[in-house]
Amino acid sequence: MSRPEDEYPNDQRKYPSNQSSPLRGALDDLQPRRAVVACATDEVRLTPGLESQIARLAPSRVTVLLRGGTQALQETVARALHDRSGRAIGPFALFDCAGLLSDAIEQQLFGGPAYSKDAKGVIHEAETGTLYVVSIDELPLLMQPRFLRFLDQDKLVRVVVSARHDLLAHVARGLFRQDLGERLMLIELSLPESGRSV
């Protein structure tokens, strides 16, 4: 079977090798796509095993805890859970707890008077979409009761979190509330440490 460029050689003059013809672009759009995110040295591609787990969890509103893997892989999975859910048309909002004090988290995550009386936090930005919280294990104890109330009461935001450390160990050391830890660990998705296969 001849290729489109064989049948229409003039296309090669219209569309240099570093550009795609409209026909080629249309054909490419028909190909199945995998979730990919750029990282420092390579692309992170989701393997079929991980893809199937994402497909099973994506339609649900349940909170998912991501453990292991690289930061790039964790974000890829979080975005895939959003993109393959009914919330895909809504926003995907990312918030990183690492290195932030309670006041900063309260203002930036929940919204507060630091910026203006009408300031809205990242949670508000994520309404009807997905909130991805990075390094949830670094959420200060003072903020943990409020975050638990948010999980219990909010119906507009789907939450995905990732943790650098074992939450059970943090609970045992008194660094993390047991009730919040148990809530987050209900659905835990373990990722390969290499970030390249599962």
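Structure: above.
The text that follows walks through the structure, step by step, so that each part is easy to find. Given the structure is predicted, the values throughout are model-derived calculations rather than measurements. (Residues numbered from 1 in each chain as written. Predicted model: local features only at pLDDT ≥ 70, side-chain atom pairs only at ≥ 80, totals over all residues. Heavy atoms only, no water.)

### Considerations on the overall build of the protein
Phase 1: Along its length, the protein carries 10 helices and seven strands.
Phase 2: Each of the 198 residues in the protein was classed as buried or not, and the buried ones make up 40%.
Phase 3: Considering only residue pairs separated by 6 or more positions, the protein has 74% of its internal contacts joining residues 24 or more positions apart.
Phase 4: Carbon and sulfur atoms make up 51% of the accessible area of the protein, which totals about 11400 Å². (Helix = DSSP H or I, 4+ residues; strand = E, 2+ residues; numbered from the N terminus. Buried < 20%, exposed > 50% of the residue type's maximum accessible area, 1.4 Å probe, protein only. Contact = heavy atoms within 4.5 Å. Areas by Shrake-Rupley, 256 points an atom, 1.4 Å probe, with all protein chains shown as cover.)

### What about the sheet that holds strand β5 (residues 130-134)?
Phase 1: Spatial strand order, β4-β5-β6-β3-β7: five strands in an open sheet with parallel pairing. Sheet topology places β4 (92-96) and β7 (188-191) at the edges, where each strand pairs with a single neighbour. Within this sheet the neighbouring strands show an average axis-to-axis angle of 20 degrees, counted without direction.
Phase 2: Relative to strand β6 (residues 158-163), β5 runs parallel, the two being bridged by four bridges. Directly across from V133, in β6, lies its bridge partner V161. (Pairing = 2+ DSSP bridges. Axes fitted to C-alpha atoms, helices over the stretch in contact; angles between N-to-C directions.)

### Details of the pairing of β5
Note on strand geometry: in a regular strand, side chains alternate between the two faces of the sheet.
Phase 1: With five of its five residues buried, β5 lies for the most part within the structure.
Phase 2: In this structure, β4 lies alongside β5, joined through five bridges in parallel fashion. Opposite F92, over in β5, you have T130 as the bridge partner.

### Some thoughts on helix α8 (residues 144-153)
Phase 1: Listed as buried for α8 are Q144, F147, L148, F150 and L151. Down the axis of α8, the buried side of the element spans an arc of 155 degrees, and every buried residue falls inside it.
Phase 2: The inward-facing, buried residues of α8 abut α6 (102-110), α7 (122-125), β5, β6 and α10 (178-184). (Arc of directions from axis to C-beta.)

### Quick look at the environment of K155
Phase 1: Counting through the fold element by element, K155 comes out in the loop between α8 and β6.
Phase 2: Along the backbone, K155 and T128 are 27 residues apart, and their C-alpha atoms lie at a distance of 8.7 Å.
Phase 3: When near neighbours in sequence (up to four residues on either side) are disregarded, K155 contacts R61 and R87.

### Overview of the packing of aromatic side chains
Phase 1: Scanning the model with the defined rule gives two aromatic pairs in all.
Phase 2: With centroids separated by 6.2 Å and ring planes inclined at 35 degrees, the aromatic side chains of F92 and Y132 adopt a geometry described as tilted. One end of the pair, F92, is in strand β4; the other, Y132, is in strand β5, with 40 residues separating them in the sequence.
Phase 3: Given the relative accessible area of 1%, Y132 is considered buried.
Phase 4: Between F147 and F150 the ring centres are 5.6 Å apart and the planes differ by 55 degrees, which places this aromatic pair in the tilted class. Note that F147 and F150 are positioned in helix α8 at a spacing of three residues, about one turn of the helix. (Phe/Tyr/Trp six-rings, centres within 6.5 Å; stacked < 30°, edge-to-face > 60°.)

### Here we look at α6
Side chains three or four residues apart in an α-helix point the same way, a direct result of the helix having 3.6 residues per turn.
Phase 1: Every buried residue belonging to α6 is among S102, A104, I105, L109 and F110, and all of these are buried.
Phase 2: Considering only its buried residues, α6 is in contact with β4, α7, β5 and α8.
Phase 3: Positive backbone phi, approximately 90 degrees, marks G111, located one or two places after α6.

### Description of the pattern of salt bridges
Phase 1: Per the counting criterion, the structure on display carries nine salt bridges.
Phase 2: Here E138 and R164 are joined by a salt bridge, their closest N and O atoms 3.3 Å apart. Of this pair, E138 sits in the loop between β5 and α8 while R164 sits in the loop between β6 and α9 (167-172); the two residues are 26 residues apart in sequence, bridging distant segments of the chain.
Phase 3: On the accessibility criterion, R164 (56% relative accessible area) is exposed. (Salt bridge = Lys/Arg side-chain N within 4 Å of Asp/Glu carboxyl O.)

### A closer look at the environment of R67
Phase 1: Looking at the secondary structure, you find R67 in strand β3 (residues 64-68).
Phase 2: Residue R67 is classed as partly exposed on the basis of its relative accessible area, which comes to 23%.
Phase 3: For the pair R67 and P192, spaced 125 residues apart in sequence, the C-alpha to C-alpha distance is 8.8 Å.

Everything listed here is a matter of geometry and, on its own, says nothing about what the molecule does.
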